[in-house]
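# Coordinate analysis (summary)
For reference, the chains in residue letters:
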Amino acid sequence: RYPQANERTSYVIPSGVTTIKSIGFMYSFNLDLLIIPSSITSIPSTLRYMTKLKAIIYVSSSIQTDPNIIYQTNSIERIIVGHHYSSESFCGKQVIKSDIQCGENVYCIVDEVSGYLYIYGNGATSSYSLNDNKPFDNDKRTTRNVIFEEGITEIGKYFLAKISSIQSIQLPKG
């Protein structure tokens, strides 16, 4: 459960969470980045109270949303979605499709503004040799936070090699 009036500026909803309650982010005035995992299936109008929200990273293919979800949140600059997301917009805002295949059934979303590399899907990431170029190498100087969603079973050899800016890595349970 996300504590009301929390001071943090970014939040990753834990993988496996399926529902955001109607007042789940009420009074979260400092939150400017929200990462929504593929396990979330619906979002109530909660986000309209997040007046500083600048970015949403969302990886699921379909979601049920309240049409008023972000009507008061005019601060949103970017909504980054995975390749499975079929629409060109999210609640009336244009989306950025920004994922890269990083394994047979594994994808990466890079947000160079916030410094997040979000890995999702099922199975193992690709393996590389130390000097191979990886699909997300263009962003290796800005990547500070790496998140592996549940479903990732193995991190391939040298997958994160030469990314010297990493400050945190979040692994799935298990």
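Everything quoted here is computed from the prediction, not taken from an experiment.

Right, let's get into the side chain of Lys134. Its place among the elements puts Lys134 in the loop between strand S13 (123–124) and strand S14 (145–148). Judged by its relative accessible area of 6%, Lys134 falls in the buried class. At 3.2 Å, the side chain of Lys134 forms a polar contact with the backbone oxygen of Ala161. With residues near it in sequence (within four places) discarded, Lys134 still touches Tyr128, Tyr158, Phe159 and Ala161.

Next up on the list: the environment of Ile43. Within the secondary structure layout, Ile43 lies in strand S3 (residues 42–43). On the accessibility criterion, Ile43 (2% relative accessible area) is buried. For the pair Ile43 and Thr19, spaced 24 residues apart in sequence, the C-alpha separation works out to 7.2 Å.

Once that is clear, we can look at the nonpolar core. Of all hydrophobic cores here, the largest spans 19 residues; its most connected members are Ile13, Phe25, Leu34, Ile36 and Ile56. Membership of the second largest hydrophobic core comes to 14 residues, among which are Val106, Leu117, Ile119 and Leu160.

Turning our eyes to something else, we now look at the environment of Gln94. Considering the arrangement of structural elements, one finds Gln94 in strand S8 (residues 93–94). Placed 15 residues apart in sequence, Gln94 and Ile79 show a C-alpha to C-alpha distance of 7.2 Å.

What counts, and at which threshold
- The residue numbering used here restarts from 1 in each chain and proceeds along that chain's sequence as written.
- Totals for whole chains, interfaces and linings use every residue, but because this is a predicted model, local features are given only for residues with pLDDT of at least 70 and side-chain atom pairs only at 80 or more, for both listing and counting.
- Heavy atoms from the whole structure form the basis of all side-chain values; hydrogens and water molecules are not counted.
- Each helix is a run of H or I in the DSSP string that is no shorter than four residues. Each strand is a run of E no shorter than two, and both are numbered from the N terminus.
- Burial classes: relative accessible area under 20% of the type maximum marks a residue as buried, over 50% as exposed, and values in between as partly exposed (1.4 Å probe, protein chains only).
- For this analysis, a polar contact is any N or O atom pair within 3.5 Å, provided that within protein one partner can donate a hydrogen and the other can accept it, and provided that sequence-adjacent residues contribute only side-chain to side-chain pairs.
- The contact criterion used throughout is that any non-hydrogen atoms of two residues lie within 4.5 Å.
- Only buried residues count toward a nonpolar core, which is a set of Ala, Val, Leu, Ile, Met, Phe, Trp, Tyr and Cys residues joined through side-chain atoms within 4.5 Å.

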